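These are the residues of each chain, in order.
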Amino acid sequence: MHPHRLTLVPPGDVHLWVPRSSTMRAFATTAPDPRPVTPDQERRLQVASLPRRPEDEVNPWIGMRATLHGADFVSFAGTLRRFCARHESLRCMFVRRDDDTFERRIVEPELIGFQPRHLGHYADRGEAFDVIMAELDDRTGPLSWPAATVLTVTEENGDITVFAAFDHVTFDGYSAYLTIGELKQHLEAELNHAPLPAPVGSYVDFAVEQRAIQGSITAESPALEPWRRAADATGNLPGLPRATGVRRGDELRHRLRFPTFAGPKLSEAFRLWCDQQRAPQPLAYTAVLLRAMVAEEDDDRITVLMSTHNRNRPEWHKAIGWFSGVVPITVDLGPELPLTEAIARCAKAWMFGKTAETVPLPLANRLLGTSMRPATVLSFMDSRHVPGREDWEEMDSTVFLGEVEPSDEMHIYINAMPYGTELAHRAPDTPPCTEWLDRVMGRMRDQMVAVTRQVNDPMEALA
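Source: prediction; values computed, not measured.

Draft legend 1. Region of interest: the overall build of the protein. Along the backbone of the protein there are 13 helices and 15 strands. Computed over its C-alpha atoms, the radius of gyration of the protein comes to 22 Å, within 12% of the 23 Å expected for a compact globule of 463 residues. For the C-alpha atoms alone, the extent of the protein along its principal axes is close to 65 × 55 × 45 Å. Considering the protein as a whole, with its 463 residues, one finds that 56% of them fall into the buried category. Once local pairs closer than 6 in sequence are excluded, the contacts in the protein between residues at least 24 apart make up 80%. As displayed, the protein offers around 20,300 Å² of accessible surface, 51% of which is attributable to carbon and sulfur atoms.

The structure is reproduced here in structure tokens:
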């Protein structure tokens, strides 16, 4: 069973949105685009190409849900077309060449079209949930177009609720938040018969830039040094903290949770404290989290992977794509260390780790001859100011993730939201690991209370 709440899926008529045959003919006949795929994309495509047993197939998609009031099938088809028109990367199909590399085929916005396929009427929420999730899991992948699955549920009152899952090959977490706001924007444009939107900065151009930079990196390049230092004696990255009970090599099923560990008053008080200390919130929250993690251990030194968001040009700030990467940081943080000093140490470790942001992990492994795999991956997102955020509540929207393969990894996302601060995490689903995460959240909250003197209202932070 997926960890998402059943109430997210209303009863009603379920439709799958598929590309028109004319769109697929356009892909089949268009010339290859000369721009390359990124190393991350290439690895994802290669992994997806390997034969696997049906029971082992999981798709690590990034999904979202939103209700579009006032939409019908005609306007929703136009909404999807506008979405693809605005983002070149969504009009891209990946095709394997004879030499086992991949090329892009990109079609013009005018050639994009979608149509609904009725899957049935489901009066029971549980049945509707199972149908939606099965379709998202079975269909979402990088080797077909679109690299996404879109379904709608039409309720008795006529409202259309959208469920969409996008393969990581063309989507990162921030893309999901951008998409929610865009869907309403495109629906309004469609209802007003506006022209197709002008494209924003293209992720495909980002891929060109990344390949050019990465093509000049060698085993002697300074940008490789953070990866070199992060690898342990076995050529891997350190595993999860011992108190989680998870060991390197474990293959454990994961569970996704979105607990709000700090309510809005405490979160705002901490923001003000950060401003007074001239401490960037991402680094402050990272220090709070890492200090809470080492407090559970015998060793004050911790190595994790930190997300880099890489939208480093203004034209990419609203672009859909796989911009996010990871870099290693190692920092010493004793539990008694003042928070201001912990932030300073994290800042220093981050500045060093960030020098590796142009070196994706697959490239680092190839150049160093290592077999590093992620263990603890951390990210900070400030979702309070995402374009369209003011409409999320009206749309009853949410972002969620697909299942991943059993592993010894943990991904933690500190997410600043209007209603407080979440510690969204996808982690091994074992009692010791879950209890460890709960203790870490308690320690994070205690640190914020200690520096702000703002007592957290337990009614504001419901897990």
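There's plenty left to go through after this.
Draft legend 2. View of empty space enclosed by the protein. Counted according to the given criterion, the structure contains three cavities of 30 Å³ or more. Of the volumes computed, that of the largest cavity is approximately 180 Å³. Taken together, 20 residues make up the lining of the largest cavity; nearest its centre are F83, L90, P146, A148 and F166. Of all the elements in the fold, those that place two or more residues in the lining of the largest cavity are helix 3 (73–86), strand 3 (92–96), strand 6 (148–154), strand 7 (160–166) and helix 5 (173–191). Tallied by class, residues from the lining of the largest cavity come to 17 nonpolar, three polar and no charged. Reported here for the second largest cavity is a volume of approximately 50 Å³. In terms of lining, the second largest cavity is formed by R255, R257, H425, A427, P428, D429, T434 and L437. Those elements giving two or more residues to the lining of the second largest cavity turn out to be strand 8 (254–257), strand 15 (420–428) and helix 13 (431–452). In terms of residue count, the dominant contributor to the lining of the second largest cavity is strand 15 (three residues).

Draft legend 3. The arrangement of helix 5 in detail. Over its 19 residues, helix 5 extends 28 Å from the first C-alpha to the last, a length consistent with the 27 Å expected when each residue adds 1.5 Å. Of all the bends in helix 5, the largest measures some 25° and sits at T179. With its phi angle positive at about 55°, H193 sits one or two positions after the end of helix 5.

Draft legend 4. Structural detail: the packing of helix 3 against helix 5. It is at 8 Å that the axes of helix 3 and helix 5 come closest, and there the two elements cross at 120°. Comparing the axis directions of helix 3 and helix 5 gives the class oblique. Read as a crossing pair, helix 3 and helix 5 show a hand that is right-handed. Note on element contacts: helix 5 touches helix 3 through T179, E182, L183, Q185, H186, L187, A189, E190 and L191, opposite V74, S75, G78, T79, R82, F83 and R86. Here the contact of helix 3 with helix 5 is composed, by residue class, of six nonpolar, six polar and four charged.

Draft legend 5. Broad picture of the pattern of salt bridges. Under the criterion given, the structure shown has 29 salt bridges. Residue R35 pairs with D205 through a salt bridge whose shortest N-O separation is 3.0 Å. Placement of the pair is R35 in the loop between helix 1 (21–29) and helix 2 (39–49) and D205 in helix 6 (residues 203–214), with a sequence separation of 170 residues. A residue is classified by how much of its surface remains accessible, and D205, at 38% relative accessible area, is partly exposed. Salt-bridge contacts for E190 lead to R82; the nearest nitrogen and oxygen are separated by 2.6 Å. With E190 in helix 5 and R82 in helix 3, this pair connects stretches of sequence that are 108 residues apart. With a relative accessible area of 4%, R82 lands in the buried category. Through salt bridges that share partners, D33, R35, E88 and D205 make up one connected network.

What counts and what doesn't
Residues numbered from 1 in each chain as written. Predicted model: local features only at pLDDT ≥ 70, side-chain atom pairs only at ≥ 80, totals over all residues. Heavy atoms only, no water. Helix = DSSP H or I, 4+ residues; strand = E, 2+ residues; numbered from the N terminus. Rg over C-alpha atoms; globule rule 2.2 N^0.38 Å. Buried < 20%, exposed > 50% of the residue type's maximum accessible area, 1.4 Å probe, protein only. Contact = heavy atoms within 4.5 Å. Areas by Shrake-Rupley, 256 points an atom, 1.4 Å probe, with all protein chains shown as cover. 1 Å grid on protein atoms, 1.4 Å probe; cavity = no way out; pocket = protein on both sides within 12 Å on 5 of 7 lines; lining within 4 Å. Points joined across faces, edges and corners; volume = space filled by probe spheres on them. Nonpolar A, V, L, I, M, F, W, Y, C, P; charged D, E, K, R; others polar. Expected span 1.5 Å × (residues − 1). Bend = angle between axes of the 7 residues up to and from the residue. Axes fitted to C-alpha atoms, helices over the stretch in contact; angles between N-to-C directions. Parallel < 35°, antiparallel > 145°, perpendicular 65-115°, else oblique. Left-handed = near helix turned anticlockwise from the far one by under 90°. Salt bridge = Lys/Arg side-chain N within 4 Å of Asp/Glu carboxyl O.

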